[in-house]
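# Residue-level structure breakdown
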Amino acid sequence: MEAASTVANSRAEAPRLRAARRRWGEDIIKGLLVLAANVSLLTTTGIVLSLVGETISFFGDVGIGDYLFGTEWSPLFKPPSFGVLPLVLGTMLVSAVAMVVAVPLGLAAAIYLSEYASPRVRKIIKPILELLAGVPTIVFGYFALTFFTPEILRGLFGSDVAIFNGLSAGIIIGFLIVPTVASISEDSMSAVPQSLREGAFGLGAAKIQTTTRVVFPAALSGIVASVVLAFSRAVGETMVVVIAAGLSPQWGGNLFKAMETMTAFIAATAKGDIATGSVTYKTIFAVGTTLFVITLVMNLISIRFVRKYRQVYE
């Protein structure tokens, strides 16, 4: 009897031990997932801490008003000028040109892949499209400098186009971020329930009407997220603008001439040729903080928009 009782107790204890081990394993996995989720938060905090100190020190030497509203940027000349508006204008113009190129092409590709392409064609085209995002950006920069500007832009607009210009950089960055718009938008449109399409077809809607009036609005939050992510990518692009746009800040906004963006200035200045602790050295951090704030504001606006128009299907 004792042996039978022992066996019965061990059999009853086994499920409890397995459940305890399962909970222990799940707690470890949960902790790892929480750590992974907080990596971005910790990274952002580290970036802010690395920027704030030097930025505050910079504004101790240069007035905030002179920096934010000045229209001349020449920190390396005597006397120096620290008006950041030419850099901001150059960044926004190049990014705007990139979005004019990327949004129509990306959304057209997303609509085709989601609504018109067969599964076989989609499996072939989508990886090829996403492969474009893996090309090193320096290749895009040299393509813009050695071929696109002299052969295409000068062929269209003549010698008015400088060899370094904002238009070429913006267009090539647009090609660079097309996969971002196309891939995320296609995923959002593919996630729209098929029942919505069938309902539209049942009411007599044509394919293009169903796509533009049913699927597109239903996927709007994801599409907006893709556009904002692409714009942030364009604002933060460095190598293409360093190589193709030049390093000459201008306030006029002439896309045919050389211009300098915030990322280009940071890349060109942070080469070790300036004294650590000097005002010119601190401009790197001030411009980096400005770029960070612009990107943060854009993302906050997009998050608010996405939450407002988000569609949830069950």
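To keep things clear, this report deals only with the structure shown in the data block. Starting from 1, residues in each chain are numbered consecutively following that chain's sequence as written. Side-chain atom pairs in this predicted model are given and counted only at pLDDT of 80 or more, local residue features only at pLDDT of at least 70, and totals for whole chains, interfaces and linings cover all residues. Side-chain calculation: all heavy atoms of the structure are included, whereas hydrogens and water are not.

## Regarding the side chain of Thr55
Spelled out, the test is: Secondary structure follows DSSP: runs of H or I at least 4 residues long count as helices, runs of E at least 2 residues long count as strands, and numbering of each begins at the N terminus. Each polar contact in these results corresponds to two N or O atoms within 3.5 Å; when the atoms are within protein, one needs to be able to donate a hydrogen and the other to accept it, and residues that are neighboring in sequence are counted only if both atoms are side-chain atoms.
Within the secondary structure, Thr55 is located in helix α1 (residues 2–61). A distance of 2.6 Å separates a polar atom in the side chain of Thr55 from the backbone oxygen of Leu51.

## Quick look at the packing of helix α6 (residues 166–190) against helix α9 (residues 220–236)
Selection criterion: Inter-axis angles, ranging from 0 to 180 degrees, are taken between N-to-C directions of lines fitted to C-alpha atoms, where helices are fitted over the stretch in contact. Comment on the angle field: the value is read as roughly parallel under 35 degrees, roughly antiparallel over 145, roughly perpendicular from 65 to 115, and oblique elsewhere. By definition, turning the near helix anticlockwise from the far helix through less than a right angle yields a left-handed crossing, and turning it clockwise yields a right-handed one. Every residue pair with non-hydrogen atoms within 4.5 Å of one another is taken to be in contact. Residues are grouped as follows: nonpolar covers Ala, Val, Leu, Ile, Met, Phe, Trp, Tyr, Cys and Pro; charged covers Asp, Glu, Lys and Arg; every other residue, Gly included, is treated as polar.
Here α6 crosses α9 at 160°, and the two axes come no closer than 8 Å. As the angle between them shows, α6 and α9 are arranged roughly antiparallel. For the crossing formed where α6 meets α9, the hand is right-handed. Contacts between α6 and α9 involve Ile173, Leu176, Ile177, Thr180, Val181, Ile184, Ser185, Ser188 and Met189 from the first element and Gly222, Ile223, Ser226, Leu229, Ala230, Arg233 and Ala234 from the second. When its residues are assigned to classes, the contact of α6 with α9 shows 10 nonpolar, five polar and one charged.

## Here's the deal with the pattern of salt bridges
Under the convention used in this document: One speaks of a salt bridge when a side-chain nitrogen belonging to Lys or Arg is within 4 Å of a carboxyl oxygen belonging to Asp or Glu. Only protein chains enter the accessibility calculation, which uses a 1.4 Å probe; a residue whose area is less than 20% of its type maximum is buried, one above 50% is exposed, and one in between is partly exposed.
Applying the stated rule across the entire model yields six salt bridges. Between Arg197 and Glu115 there is a salt bridge, and its shortest N-O distance comes to 2.8 Å. In this pair, Arg197 is assigned in helix α7 (residues 194–202) and Glu115 in helix α3 (residues 85–116), connecting sequence segments 82 residues apart. When its relative accessible area of 6% is taken as the criterion, Arg197 is described as buried.

## With respect to α3
Convention followed: Multiplying 1.5 Å by the helix residue count minus one yields the expected span of that helix. For a residue, the bend is simply the angle between two axes, fitted respectively to the seven-residue segment ending there and the seven-residue segment starting there.
Spanning 32 residues, α3 covers 45 Å between terminal C-alpha atoms, matching the ideal 46 Å at 1.5 Å per step. Within α3, the axis deviates most sharply at Ala102, by approximately 25°, and proline Pro104 lies no more than four positions further along.

## Focus: the packing of aromatic side chains
For clarity, the cut-off: Aromatic rings from Phe, Tyr and Trp, taking only the six-membered ring of Trp, are treated as a pair when their centres fall within 6.5 Å; an angle between ring planes under 30 degrees marks them as stacked, one over 60 as edge-to-face, and anything in between as tilted.
One pass over the full model with this rule turns up 11 aromatic pairs. The interplanar angle of 70° and the centroid separation of 6.4 Å between the aromatic rings of Tyr67 and Trp73 together place this pair among those described as edge-to-face. The class for Trp73 is buried, based on a relative accessible area of 6%. Here the aromatic residues Phe58, Phe59, Tyr67, Trp73, Phe82 and Phe265 are joined through ring pairs into a cluster of three or more.

These figures capture arrangement, not role.
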